[in-house]
Amino acid sequence: NAGVTQTPKFQVLKTGQSMTLQCAQDMNHEYMSWYRQDPGMGLRLIHYSVGAGITDQGEVPNGYNVSRSTTEDFPLRLLSAAPSQTSVYFCASSYFAQGKSYEQYFGPGTRLTVT
Amino acid sequence: LAKTTQPISMDSYEGQEVNITCSHNNIATNDYITWYQQFPSQGPRFIIQGYKTKVTNEVASLFIPADRKSSTLSLPRVSLSDTAVYYCLVGSYSGAGSYQLTFGKGTKLSVIP
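Calculation criteria
Residues numbered from 1 in each chain as written. Chains lettered and ligands numbered in written order. Predicted model: local features only at pLDDT ≥ 70, side-chain atom pairs only at ≥ 80, totals over all residues. Heavy atoms only, no water. 1 Å grid on protein atoms, 1.4 Å probe; cavity = no way out; pocket = protein on both sides within 12 Å on 5 of 7 lines; lining within 4 Å. Points joined across faces, edges and corners; volume = space filled by probe spheres on them. Helix = DSSP H or I, 4+ residues; strand = E, 2+ residues; numbered from the N terminus. Nonpolar A, V, L, I, M, F, W, Y, C, P; charged D, E, K, R; others polar. pLDDT = per-residue confidence, 0-100. Contact = heavy atoms within 4.5 Å. Buried area = accessible area lost by both parts, 1.4 Å probe. Salt bridge = Lys/Arg side-chain N within 4 Å of Asp/Glu carboxyl O. Polar contact = N/O pair within 3.5 Å; in protein donor to acceptor, adjacent residues only side chain to side chain. Pairing = 2+ DSSP bridges. Axes fitted to C-alpha atoms, helices over the stretch in contact; angles between N-to-C directions.

**Brief notes about the layout of surface pockets**
Counted as a void, the largest pocket has a volume near 670 Å³. Lining of the largest pocket is provided by 32 residues; of these, Gln37 and Gly40 of chain A together with Gln38, Pro40 and Ser41 of chain B occupy positions nearest its centre. When contributions to the lining of the largest pocket are tallied by element, the ones reaching two or more residues are strand E9 (87-94) and strand E11 (110-114) of chain A together with strand E8 (84-91) and strand E9 (107-112) of chain B. A per-element tally of the lining of the largest pocket places E11 of chain A first, with four residues. When its residues are assigned to classes, the lining of the largest pocket shows 13 nonpolar, 14 polar and five charged.

Right, here's the structure in full:
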């Protein structure tokens, strides 16, 4: 099992550019999520998905889009990059069932700098 | 969403037991309490999870009093490699839009030789 993989590991964008951060998991997890972590801060939830075709907003969704066409993949798209989006982005996945809470498995992160 | 409060930082000497307490006064009936560990430049890693009373695994214990308004992560005999940030999360996939698990600011544990 590769677990949760993220690409790229590092990225530098100019203001206004768009790009997609890739996330994939091979554990057949229904729940996937994207977090951002600014320097010295905790993680903040951007978007999440409870299954293929179902996505919803988290705490800080503005400026980001997601889609979930398969169970395995959950890409995060930055529409028009801004310096405020400079951060480390983590993708996570877990099993899902209502009324339960399962261990989340995190990817290694993508370090994004917007100039 | 249940909000959590933890100390910002703690120091401990090697070999000591460390207890980190998390306050979660508005925990809901279905909510679980989960702790994660994060090293610099890595994603968080699951440590332990509980619902009530005491849970123990090979790396930590989790103590939850009857009212569940707080919890304490106990790390026995810490070593330098336990220096990390520890996050307490409270929540569950409970429906009505509550499919979010929110991280707080965490506790930075520094283990001193």
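Okay, back to it.
**Considerations on unusual backbone geometry**
The residue after Thr7 of chain A, namely Pro8 of chain A, is reached through a cis peptide bond having omega -5°. By the secondary structure assignment, Pro8 of chain A is in the loop between strand E1 (4-7) and strand E2 (10-13).

**Points about the confidence of the model for chain B**
For chain B, the mean per-residue pLDDT works out to 92, and 95% of the residues sit at or above 70. Ranking the elements of chain B by mean pLDDT puts E8 of chain B last with 93 and strand E6 (residues 61-64) of chain B first with 98.

**Some words on the interface of chain A and chain B**
A common way to express how large an interface is: the accessible area buried when the components associate. Contact with chain A, which involves 28 residues of that partner, is made by 26 residues of chain B. For the pair chain A and chain B, the summed buried area comes to about 2000 Å², and 51% of that belongs to carbon and sulfur atoms. For chain A, the biggest contributors to the area lost against chain B are Leu43, Ser101 and Phe106 of chain A; these three give 25% of the whole. Here chain A and chain B share zero salt bridges between them. Remark: the boundary between chain A and chain B carries four residue pairs in polar contact (both at pLDDT 80 or more). Among the secondary structure elements, those contributing two or more residues to the side of chain A that touches chain B are strand E4 (31-37), strand E5 (43-51) and E9 of chain A. At four residues, the largest contribution of residues to the side of chain A that touches chain B is made by E5 of chain A. In terms of residue class, the side of chain A that touches chain B is built from 14 nonpolar, ten polar and four charged.

**Examining the sheet that holds strand E5 (residues 53-56) of chain B**
All names here are of chain B. Within the open sheet, the four strands sit side by side as E2-E7-E6-E5. Their pairing is antiparallel. Each having just a single partner strand, strand E2 (18-23) and E5 make up the two edges of the open sheet. Each neighbouring strand pair of the sheet contributes to a mean axis angle of 15°, computed without reference to strand direction. Relative to strand E7 (residues 70-75), E2 runs antiparallel, the two being bridged by six bridges.

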